[in-house]
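# Working through the structure, step by step
The primary structure of each chain is shown beneath.
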Amino acid sequence: MKRTLLSLLALASLSLASAQTSVLPYTPGIHQEGITYYLPKTALSITLTATRTTKRPGDFHQYAARYLRLPDVTAQEETTWTLDRVQVTPYGLPDTAKVYTVQLRKGTLAPLATLTKSGLLLSINDKSDEEPLPADPGIDKIEKSKLNPRDYMSQEILMAGSNAKMAELTAAEIYDIRDSRSQLSKGQADNMPKDGEQLKLMIQQLDTQEEALLQLFKGTVERETKSYTFTLIPAKSERKVILCRFSDQFGPVDKDNLAGEPVYIDIVDQKSVPSEQPGGKKKKLDEQAVRYNVPSDADIRVYTRENKLAQLTTPVAQFGHVEILSSDLFNKRTSTKVYFYQTTGGIKQIVDDAQGK
């Protein structure tokens, strides 16, 4: 299951003075004094998607210009990498410096609370679904030709005594294929198909034969797409931090590998919330209250020297401060439901069922 539901039932005796709380002992996060939970800190999952392109020369590449007028064909194997896109996903992790307990006192309603498996508080007095952590996209796709040119060679080509002769006969075969396709398209072939579907099938077969034989001159291209994920937990505003390096020859490499150009990340606190005010409520009341984060917005930008790769503005829990929910929200006279953001620990929604809000 993707969530742990902490269900606390208030069992009242005949008099309110003797009211006590019943605790489900097998559920983590609950003990006899109350519910222990973490507030989150915001982490960033940064996924780079890159493609490696490998060009391999054909067996007859040296004859491509002579027989087929094909210039600039691949004469040796070449490998290049391109950085396709970058995706930044914020998510919440338990902040071990912010662990609190909701104390269950006499005369208060023992709440129905939802925690994540890691102990983050999601809701009070209602159920709430846990959001899954960012998963590795698992992009690992290979695109390459599945055609074997020799399967489309005639007996005459295969029996030729030299590569030069094989190239000459193969080029002649390609021209014959093109001529046959042209005749079919114009309706001038000796054996025209009876219907459009047959015509389409014949043309497709000729296209496949030509593509396979052309590989012997033009070579082949193989593309492999992969994903690479990095995790950052911002502690303060920082600019031009090297996330990794990217090489046209080797793809993503370690940030200390000077073979690649740096991929930078900026994380800038926008200070969108005021600083936490000192003083305030008594310590005893603070210890009994429900805590939540007031996050501050941060601008996130991933880029190279030449290109902007990703940009977003997102709230970051550790750039804000902690506030307290009033204990009056959870007394016997109310049925308040509170929902929290899993990524930041901020309040998502407060619903007072008694007032129909």
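As shown above, the structure is provided for reference.
Structural notes, computed from the coordinates. (Residues numbered from 1 in each chain as written. Predicted model: local features only at pLDDT ≥ 70, side-chain atom pairs only at ≥ 80, totals over all residues. Heavy atoms only, no water.)

### Section: the overall build of the protein chain
Within the protein chain one finds five helices and 17 strands. The 357 residues of the protein chain split such that 39% are buried. At a minimum sequence separation of 6, the contacts of the protein chain that also span at least 24 residues come to 72%. When the accessible area of the protein chain is evaluated, it comes to approximately 20,900 Å², of which 48% is carbon and sulfur surface. (Helix = DSSP H or I, 4+ residues; strand = E, 2+ residues; numbered from the N terminus. Buried < 20%, exposed > 50% of the residue type's maximum accessible area, 1.4 Å probe, protein only. Contact = heavy atoms within 4.5 Å. Areas by Shrake-Rupley, 256 points an atom, 1.4 Å probe, with all protein chains shown as cover.)

### Concerning the sheet that holds strand β15 (residues 308–325)
What the five strands build is an open sheet, ordered β12-β11-β13-β14-β15; its pairing is antiparallel. Edge positions in the sheet fall to β12 (251–253) and β15, since each has one partner strand and no second. Going from strand to strand, the sheet's axes swing by 35 degrees on average, the running direction of each strand aside. Note that strand β11 (residues 238–247) and β12 share three bridges and pair antiparallel. By the bridge assignment, Arg245 is partnered in β12 with Val253. (Pairing = 2+ DSSP bridges. Axes fitted to C-alpha atoms, helices over the stretch in contact; angles between N-to-C directions.)

### Some points on the packing of helix α3 (residues 163–186) against helix α4 (residues 196–218)
One way to put it is that α3 packs onto α4 with a least axis distance of 10 Å and a crossing angle of 160 degrees. If you check the angle between α3 and α4, you find them roughly antiparallel. Regarding α3 and α4, the two cross each other, and that crossing is left-handed. Taken together, the residues of α4 that come into contact with α3 (itself represented by Ala167, Thr170, Ala171, Glu173, Ile174, Ile177, Arg178, Ser180, Arg181, Leu184 and Ser185) are Leu199, Met202, Ile203, Leu206, Asp207, Gln209, Glu210, Leu213, Leu214, Leu216 and Phe217. For the contact of α3 with α4, the per-class residue count stands at 13 nonpolar, four polar and five charged. (Parallel < 35°, antiparallel > 145°, perpendicular 65-115°, else oblique. Left-handed = near helix turned anticlockwise from the far one by under 90°. Nonpolar A, V, L, I, M, F, W, Y, C, P; charged D, E, K, R; others polar.)

### Focus: α4
The end-to-end C-alpha distance of α4 is 32 Å, a good match for the 33 Å that 23 residues give at a rise of 1.5 Å each. Buried within α4 we find Ile203, Leu206, Glu210, Ala212, Leu213, Leu214, Gln215, Leu216 and Phe217. The secondary structure elements touched by the buried residues of α4 are α1 (64–68), α3 and β10 (220–232). Its side-chain oxygen placed 3.2 Å from the backbone nitrogen of Glu197, Asp195 serves as the N-cap of α4. (Expected span 1.5 Å × (residues − 1). Polar contact = N/O pair within 3.5 Å; in protein donor to acceptor, adjacent residues only side chain to side chain.)

### Overview of the nonpolar core
Counting 22 residues, the largest nonpolar core has Phe60, Met153 and Phe217 as the members making the most contacts within it. Elements represented by at least two residues in this core include exactly α1, α3 and α4. Looking at this core, the element that brings in the most residues is α3, giving seven residues. Within the second largest apolar cluster, 19 residues are counted, among which are Leu48, Val88, Ile265 and Ala298. (Core = buried A, V, L, I, M, F, W, Y, C linked by side-chain atoms within 4.5 Å.)

### Examining α3
Helix length check: α3 (24 residues) gives 35 Å between terminal C-alpha atoms against 34 Å at 1.5 Å per residue, within 8%. Within α3 the residues assigned to the buried category are Met166, Ala167, Leu169, Thr170, Ala171, Ile174, Ile177, Arg181 and Leu184. The elements touched by buried residues of α3 are α1, α2 (155–158) and α4. Count one or two residues on from α3 and you reach Gly187, which has phi positive near 75 degrees.

### Remarks on the pairing of strand β5 (residues 34–56)
For a regular strand, the rule is simple: side chains alternate between the two faces of the sheet. Most of β5 is tucked away, with 17 of its 23 residues classed as buried. Where β5 meets β10, 13 bridges bridge the pair, whose relative direction is antiparallel. Looking at the pairing, Leu48 lines up with Tyr228 of β10.

### Quick notes on the environment of Ile124
Counting through the fold element by element, Ile124 comes out in strand β8 (residues 121–124). For the pair Ile124 and Ser335, spaced 211 residues apart in sequence, the C-alpha separation works out to 10.0 Å.

### Let's talk about the packing of aromatic side chains
Following the criterion strictly, the structure yields four aromatic pairs and no others. A cation over a ring is seen here: Arg301 above Tyr303, with NZ or CZ 4.0 Å from the ring centre. (Phe/Tyr/Trp six-rings, centres within 6.5 Å; stacked < 30°, edge-to-face > 60°. Lys NZ or Arg CZ within 6 Å of the ring centre and 35° of its normal.)

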